[in-house]
Amino acid sequence: MSKTGLESLRALLEAVAAAFAEAQLSYVDLRTALLRLAQAYLDASRWNDARRALQPLLEDAKAPLSADARTLERESYLRPAGLALEAGRWEEAHQHAEAWLSQHKDDSDAQEVVRESYLRPARRALEAGQWEAVRQHIEPWLRGHKKDTVELSLSPLFRRGYSSIGDAIDNLF
């Protein structure tokens, strides 16, 4: 090959390498923009929009920013679950956490949100002496979680004259 042919080949290879590098940078820039868009949606409490923006980032677990995308996806479920829980919207909290758990069964934070979505209203009902409401909230949880040690303040039971936990359970549930 002549000197001019080698120079032309070298120039072509350099142009291809430069184009490839530019494409790679554009790919990372696009992924970064999607991640920022998802974060903006989360900040605006637009949970579903955040999840849609994250979808392309979640397709390849080895791609740049995929771990960050998974973290934001988790947040798009657990943040609204926590907000609903704090506002006393038990069913909404339960739904958000269960949606995440349907794909990530071992997430202990999501499991705790689901647990609290049953137990918090049961505690409130117990404090108010609304025995039927206590039962309605606690039974669905205990049916699926028999080994759970439910921590409810039992003082309202004793104020009603029950002498033991067993006596209260026998009479109320």
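Please refer to the structure higher up on the page.
A. Examining the packing of helix α2 (residues 47-58) against helix α3 (residues 66-86) more closely. The interhelical angle for the contact between α2 and α3, taken along N-to-C directions, is 160°, at an axis separation of 9 Å. Accordingly, the angle class assigned to the pair α2 and α3 is roughly antiparallel. Where α2 crosses over α3, the two elements pack in a sense that is left-handed. Listed contacts from α3 to Trp 47, Arg 51, Leu 54, Gln 55, Leu 57 and Leu 58 of α2 are Ser 66, Ala 69, Arg 70, Leu 72, Glu 73, Ser 76, Tyr 77, Arg 79, Pro 80 and Leu 83. When its residues are assigned to classes, the contact of α2 with α3 shows 9 nonpolar, 3 polar and 4 charged.

B. The arrangement of the packing of aromatic side chains in detail. Evaluated as defined, the whole model comprises 2 aromatic pairs. Ring geometry for Tyr 77 versus Trp 100: centroids 5.6 Å apart, planes at 40°, classification tilted. Here Trp 100 lies in helix α4 (residues 90-101) and Tyr 77 lies in helix α3, a separation of 23 residues in the sequence. We classify Trp 100 as buried; its relative accessible area is 5%. For the pair Tyr 118 and Trp 141, a centre-to-centre distance of 5.7 Å together with 40° between the ring planes defines the contact as tilted. Separated by 23 residues along the polypeptide, Tyr 118 in helix α5 (residues 108-127) and Trp 141 in helix α6 (residues 131-144) bring together distant segments of the chain. Over the aromatic face of Tyr 77 sits the side chain of Arg 51, whose NZ or CZ is 3.7 Å from the ring centroid.

C. Representation of the nonpolar core in the model. Counting 17 residues, the largest nonpolar core has Leu 85, Ala 93, Ala 97, Trp 100, Ala 110, Val 113 and Val 114 as the members making the most contacts within it. Secondary-structure elements contributing two or more residues to this core are α3, α4, α5 and α6. Not counting residues up to four positions away in its chain, the partners in contact with Leu 85 are Trp 90, Ala 93, Val 113, Glu 116, Ser 117 and Arg 120. Core analysis: the next-biggest nonpolar cluster, separate from the first, contains 11 residues, Leu 42, Ala 50, Ala 69 and Leu 72 among them.

D. Molecular detail of the pattern of salt bridges. Under the definition given, this model contains 13 salt bridges. Ionic pairing is found between Asp 49 and Arg 46, a salt bridge with its closest N-O pair at 2.8 Å. Taking relative accessible area as the criterion, Asp 49 reaches 18% and is therefore assigned buried. With a shortest N-O distance of 2.1 Å, Glu 75 and Arg 79 are connected by a salt bridge. Here the residue Glu 75 and the residue Arg 79 both occupy positions in helix α3, the gap between them amounting to 4 residues, near one helical turn. Here Glu 75 falls in the partly exposed class, since its relative accessible area comes to 24%. Given the relative accessible area of 27%, Arg 79 is considered partly exposed.

Procedures and definitions
- Residues numbered from 1 in each chain as written.
- Predicted model: local features only at pLDDT ≥ 70, side-chain atom pairs only at ≥ 80, totals over all residues.
- Heavy atoms only, no water.
- Axes fitted to C-alpha atoms, helices over the stretch in contact; angles between N-to-C directions.
- Helix = DSSP H or I, 4+ residues; strand = E, 2+ residues; numbered from the N terminus.
- Parallel < 35°, antiparallel > 145°, perpendicular 65-115°, else oblique.
- Left-handed = near helix turned anticlockwise from the far one by under 90°.
- Contact = heavy atoms within 4.5 Å.
- Nonpolar A, V, L, I, M, F, W, Y, C, P; charged D, E, K, R; others polar.
- Phe/Tyr/Trp six-rings, centres within 6.5 Å; stacked < 30°, edge-to-face > 60°.
- Buried < 20%, exposed > 50% of the residue type's maximum accessible area, 1.4 Å probe, protein only.
- Lys NZ or Arg CZ within 6 Å of the ring centre and 35° of its normal.
- Core = buried A, V, L, I, M, F, W, Y, C linked by side-chain atoms within 4.5 Å.
- Salt bridge = Lys/Arg side-chain N within 4 Å of Asp/Glu carboxyl O.

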